[in-house]
Amino acid sequence: MNGTEVALPRRSFGQTTRTDVWWLQPLLVFLGLGTFIVYSTWAAFQGTHYYFGNYVSPFYSPEIFGDSPHSWFGPKPGWWPAWLLFSPALLILWAPGGFRLTCYYYRGAYYKAIHRYFLYLALIFIVILTIDVWKALWFVDPASGKSSFGIGGGTIVLAINVYLLGGYTFGCHSLRHLIGGFRDQLAGSTSAYRAYACVTCLNRRHMLWAWMSLFWVGFTDLYVRLCSMGVWTDWKIL
């Protein structure tokens, strides 16, 4: 040490030496997630216009208690406190919401281990939403009360939602580890290797699946909501 003093350059708050638009990506992430959180929170607290005929919003499925024909156990139970706001979405959104918040591409300093437990719940929701698509293929004739096979605009919207959510969920890092990543040698199991390769294929575009499914699940709720309100017309394709 020769005792020479070195003057460090002073920068104002937020100033860096980078010349690129480094702030653009985090800004877009913030705006994208922020918009979804605001809309999904608003939609969850409405408690109305979440179903239209044989369509039900993914924000409200499964409808454990509620007033729609899709409710599993009937209307709001009598033991529910009168002072506490009730919405069917508030009973189930914590599960897919937790899966999103603990996802590799969304979390910052979250504890990673909890993501696997939310994965188990997310897989169950994929099954439930697939059943909703099946129900969306059967339309009830108001005159006769009989149901017949058909495809409407909402059927396609719900099906795309399951497709995108499936691509996002089945490309999860935790799922890849569960089905093959924990093995020392994948070559020792052909089935594990193929499953691992399949998940890896989806995982390579995990961020794309995440954003596309995030946008579409919000659009699916909006589609059902506007059809229920009479703003949009659900065209029968078949």
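Above this text you will find the structure in question.
Because the structure is predicted, anything quoted here is derived from the model rather than measured. Along each chain, residue indices are assigned from 1 in the same order as the chain's sequence is written. In keeping with the model being predicted, local features are shown solely for residues with a pLDDT of at least 70 and side-chain atom pairs are shown and tallied solely at 80 or more, while totals for entire chains, interfaces and linings include all residues. Only hydrogens and water are set aside; all other atoms, that is, all heavy atoms of the structure, feed into the side-chain values.

1. Describing the overall build of the protein chain
Here is step 1 of the chain: Looking only at helices and strands, one finds 7 helices and 4 strands in the protein chain.
Here is step 2 of the chain: Each helix is a run of DSSP H or I of at least 4 residues and each strand a run of E of at least 2, with the numbering of both proceeding from the N terminus. Shown N-terminal to C-terminal, the secondary structure of the protein chain runs as helices and strands in the order α-β-β-α-α-β-β-α-α-α-α.
Here is step 3 of the chain: Taken across its 238 residues, the protein chain has 39% of its residues classed as buried.
Here is step 4 of the chain: A fraction of 64% describes how many contacts in the protein chain between residues 6 or more apart in sequence connect residues 24 or more apart.
Here is step 5 of the chain: Methods summary: accessible areas were calculated by the Shrake-Rupley approach with a probe of 1.4 Å, and residue burial reflects only the protein chains presented. Accessible surface computed for the protein chain: about 15,000 Å², of which carbon and sulfur atoms make up 67%. Only protein chains enter the area calculation, which uses a 1.4 Å probe; residues under 20% of their type maximum are buried, those over 50% are exposed, and those in between are partly exposed. In what follows, residue pairs with any heavy atoms lying within 4.5 Å of each other are defined as contacts.

2. What to know about unusual backbone geometry
Here is step 1 of the chain: Note that the residue after S61, namely P62, is joined by a cis bond; omega there is 5 degrees.
Here is step 2 of the chain: Take P62: it is sitting in the loop between β2 (55-56) and α2 (94-101).
Here is step 3 of the chain: Even without a glycine there, the phi angle at H49 is positive, about 55 degrees.
Here is step 4 of the chain: Inspection of the secondary structure assignment puts H49 in the loop between α1 (24-46) and β1 (51-52).

3. Focus on helix α4 (residues 153-169)
Here is step 1 of the chain: Spanning 17 residues, α4 covers 24 Å between terminal C-alpha atoms, matching the ideal 24 Å at 1.5 Å per step.
Here is step 2 of the chain: Judged by how many residues are buried, α4 sits mostly within the fold: 13 of 17 residues are covered. Here, expected helix span is obtained from the residue count minus one, scaled by 1.5 Å.

4. Digging into the packing of aromatic side chains
The geometry of two aromatic rings is summed up by the distance between their centres and the angle between their planes.
Here is step 1 of the chain: Any two of the Phe, Tyr and Trp rings considered here, Trp counted by its six-membered ring, make a pair once their centres fall within 6.5 Å; the pair's planes then place it as stacked at under 30 degrees, edge-to-face at over 60, or tilted in between. Applying the stated rule across the entire model yields 23 aromatic pairs.
Here is step 2 of the chain: Note on Y50 and Y60: the rings are 4.3 Å apart at their centroids and 5 degrees apart in plane angle, and the pair reads as stacked. Of this pair, Y50 sits in the loop between α1 and β1 while Y60 sits in the loop between β2 and α2, and the two are 10 residues apart along the sequence.
Here is step 3 of the chain: Classification of Y60 by relative accessible area gives buried; the value is 0%.
Here is step 4 of the chain: Centre to centre, the rings of F52 and Y55 are 6.3 Å apart; their planes meet at 40 degrees, and the pair counts as tilted.
Here is step 5 of the chain: The exposure class assigned to Y55 is buried, which follows from its relative accessible area of 1%.
Here is step 6 of the chain: Ring pairing ties together the aromatic residues F65, W72, F73, W79, W80 and F86, which thus form one cluster.
Here is step 7 of the chain: As a reminder, the over-ring test applies to NZ of lysine and CZ of arginine, requiring each to be within 6 Å of the ring centre and within 35 degrees of the ring normal. Here the guanidinium or amino end of K236 rests over the ring plane of F139, the centre of that ring lying 4.5 Å away.

5. Description of the side chain of N54
Here is step 1 of the chain: With respect to the element layout, N54 can be found in the loop between β1 and β2.
Here is step 2 of the chain: Given the relative accessible area of 13%, N54 is considered buried.
Here is step 3 of the chain: There is a polar contact of 3.2 Å between the side chain of N54 and the backbone oxygen of K135.
Here is step 4 of the chain: Discounting residues that sit within four places of it in the chain, N54 has contacts with H70, K135, A136, L137, W138 and F139. Polar contacts here mean pairs of N or O atoms no more than 3.5 Å apart (in protein, one a potential hydrogen donor and the other a potential acceptor; neighbouring residues in sequence count only if both atoms are side-chain atoms).

6. Digging into the pattern of salt bridges
Here is step 1 of the chain: Counted as salt bridges are all cases of a side-chain nitrogen of Lys or Arg within 4 Å of a carboxyl oxygen of Asp or Glu. Scanning the entire structure with this criterion turns up 1 salt bridge.
Here is step 2 of the chain: Across the pair R225 and D221 runs a salt bridge, and its minimum N-O distance is 3.4 Å. Separated by 4 residues within a single helix, R225 and D221 lie in helix α7 (residues 206-229), roughly one turn from each other.
Here is step 3 of the chain: A relative accessible area of 3% means that R225 is categorised as buried.
Here is step 4 of the chain: A residue is classified by how much of its surface remains accessible, and D221, at 0% relative accessible area, is buried.

7. Focus: the layout of surface pockets
Here is step 1 of the chain: In this structure, the largest pocket encloses a volume near 690 Å³.
Here is step 2 of the chain: Lining of the largest pocket is provided by 29 residues; of these, F36, L93, P96, G97 and R100 occupy positions nearest its centre.
Here is step 3 of the chain: Breaking the lining of the largest pocket down by element, the ones donating at least two residues are α1, α2, α3 (114-135), α4 and α7.
Here is step 4 of the chain: When residues of the lining of the largest pocket are assigned to their parent elements, the largest contribution, 7 residues, is made by α1. Cavity and pocket criteria rest on a 1 Å grid covering protein atoms alone: a 1.4 Å probe that fits but cannot get out defines a cavity, protein on both sides within 12 Å along at least 5 of 7 lines defines an open pocket, and an atom within 4 Å of a point defines a lining residue. Grid points are joined across faces, edges and corners, and a volume is the space filled by probe spheres set on the points.

8. What to know about α7
Here is step 1 of the chain: Counted at 1.5 Å a residue, the expected span for α7 with its 24 residues is 34 Å, and the 34 Å between its end C-alpha atoms agrees.
Here is step 2 of the chain: Looking at the residues trailing α7, positive phi occurs at G230, about 85 degrees.

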